[in-house]
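What follows is the residue order along each chain.
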Amino acid sequence: MNSLWRFCLLVIPCSLIIAFFSRAEPTFSQGVTSYQKNELEPAREKFMQALKDSPHSISTLYNLGLVEYKLGKKGLGLAYWRRVLDLSPGNSNALSAIKFASGELLTNKPLPTRPFYETLRENILVHMSFSFALLFVFIFSFGAIWVLLTFMGARRRALLTAATPTNYPLYGYLLWILAAFFTSISLLKSYDRNIKRATIISSPAIVRSGPSENATNLFELFEGSEVIVRQSKDTWTQVSLPGKNTGWVMSELLFINTEKM
């Protein structure tokens, strides 16, 4: 009887997993086939179905971005690629697609000056996962502590034998600097994971002083612009440009491309 229970506990979950992937994979493959035939609407339908089965699928999200972009919904395509980058930091395909789409949508637009943190995020943080940064913190911290203990042991022996003590090695300082750098990156990644971001998927997106069409117009956001989500109320969402003014925009004009942890 115990053997039967163990068998069921092993086989049933495995069967469910196999059934899940066997269902999702053909749907995705059908979407790829339709996309290759330039049948964009059927491709989008298949990719959306595959995304319901596997909401965090990098391949599905990336291909959905391609389909939406070719269908003319460039802001939505860009939003899907930003979602890929949120789930898979440093993803080369997403980075290339985002660079291309941002250049096409936002070049020559009167955008505000980016704060230093956003520049740092674009050039460093999105290229590295939180776990990867923590791994380097551990490696360099362990190396730095090892060098320090080795140096202290050698110095103690030198004092006992009246020998000339050696200087602290240069690579020891380098290890401490690298450990501090990746510790800072880890802290920033932790902070960034608590910021909910969205992409404007259609223009014009009028930002208002309150969650109402009768509220005062504050400024306009362009398709492809990334904003920080503050809160939602009915069919409105309060957003702000990084480091800039805050206002309310209709929720249907937004696609959430990162989630607060």
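The text that follows walks through the structure, step by step, so that each part is easy to find. Since we're looking at a predicted model, the values are computed, not measured.

Our focus in this paragraph is helix α6 (residues 116-123). What α6 keeps buried is the set Tyr117, Glu118, Leu120 and Arg121. For α6, the buried positions fall inside an angular range of 160° around the axis, keeping them on one side. Among the exposed residues of α6, those pointing more than 90 degrees away from its buried face are Phe116 and Asn123. Packing partners of the buried residues in α6 comprise α8 (170-192), β1 (197-200) and β4 (226-233).

Another point: a nonpolar patch on the surface. A contiguous nonpolar patch, built from Phe132, Leu135, Phe138, Ile139, Phe142 and Trp146 and spanning about 690 Å² of accessible area, is present on the exposed surface. Within the secondary structure, Trp146 sits in helix α7 (residues 130-160).

Mapped onto the fold, Thr199 is located in strand β1. The buried category is assigned to Thr199, whose relative accessible area is 0%. Side-chain polar atoms of Thr199 contact the side chain of Arg82, separated by 3.0 Å. For Thr199, the contacting residues outside a window of four places in its chain are Gly75, Ala79, Arg82, Gly224, Ser225, Leu253, Leu254, Phe255 and Asn257.

Quick look at the nonpolar core now. One broad trend across soluble globular proteins is that nonpolar side chains are buried collectively. Within the largest apolar cluster, 26 residues are counted, with the highest numbers of intra-cluster contacts made by Phe47, Tyr80 and Trp81. Secondary structure elements with two or more residues in this core: α2 (40-53), α3 (58-70), α4 (74-87) and α5 (92-106). Top contributing element to this core by residue count: α4, with 7 residues. Ala144, Val147, Phe151 and Phe182 belong to the second-largest nonpolar core, a separate cluster that totals 14 residues.

What follows deals with the environment of Tyr35. Checked against the element boundaries, Tyr35 lands in helix α1 (residues 2-36). When the C-alpha positions of Tyr35 and Val67 are compared, they lie 7.3 Å apart, and in sequence the two are 32 residues distant. With residues up to four places along the chain from it excluded, the contact list for Tyr35 reads Leu40, Ala43, Leu66, Val67 and Lys70.

Turning next to the pattern of salt bridges. Enumeration according to the criterion identifies 10 salt bridges in this entry. With a shortest N-O distance of 3.7 Å, Glu226 and Arg121 are connected by a salt bridge. Of the two residues, Glu226 sits in strand β4 while Arg121 sits in helix α6, which places them 105 residues apart along the sequence. Neither Glu226 nor Arg121 differs from the other in exposure class; each is buried. Ionic pairing is found between Asp192 and Arg197, a salt bridge with its closest N-O pair at 3.3 Å. Through salt bridges with shared partners, a single network forms among Glu118, Arg121, Asp192, Arg197 and Glu226.

We now examine the pairing of β4. Residues in a regular strand point their side chains to alternate faces of the sheet. As defined by bridge partners, β1 adjoins β4 across 3 bridges and the pair is classed as antiparallel. In the strand pairing of β4, Arg197 is matched with Ile228. As paired elements, β4 and strand β5 (residues 236-240) share 5 bridges and run antiparallel to each other. Looking across to β5, one finds that Lys233 is bridged to Trp236.

Between Ser203 and the following residue, Pro204, the backbone shows a cis peptide bond with an omega angle of 0°. When you line up the elements, Pro204 lands in the loop between β1 and β2 (205-208). Not every positive phi belongs to a glycine, and Asn38 is a case in point at roughly 65°. With respect to the secondary-structure elements, Asn38 resides in the loop between α1 and α2. Residue class for Asn38 comes out partly exposed when judged on its relative accessible area of 49%. Not every positive phi belongs to a glycine, and Asp234 is a case in point at roughly 55°. With respect to the secondary-structure elements, Asp234 resides in the loop between β4 and β5. Residue Asp234 is classed as exposed on the basis of its relative accessible area of 73%.

Rules used throughout
Residues numbered from 1 in each chain as written. Predicted model: local features only at pLDDT ≥ 70, side-chain atom pairs only at ≥ 80, totals over all residues. Heavy atoms only, no water. Buried < 20%, exposed > 50% of the residue type's maximum accessible area, 1.4 Å probe, protein only. Helix = DSSP H or I, 4+ residues; strand = E, 2+ residues; numbered from the N terminus. Arc of directions from axis to C-beta. Contact = heavy atoms within 4.5 Å. Patch = residues over 30% accessible without salt bridge, like charges linked within 9 Å, V, L, I, M, F, W, Y side chains within 5 Å. Areas by Shrake-Rupley, 256 points an atom, 1.4 Å probe, with all protein chains shown as cover. Salt bridge = Lys/Arg side-chain N within 4 Å of Asp/Glu carboxyl O. Polar contact = N/O pair within 3.5 Å; in protein donor to acceptor, adjacent residues only side chain to side chain. Core = buried A, V, L, I, M, F, W, Y, C linked by side-chain atoms within 4.5 Å. Pairing = 2+ DSSP bridges.

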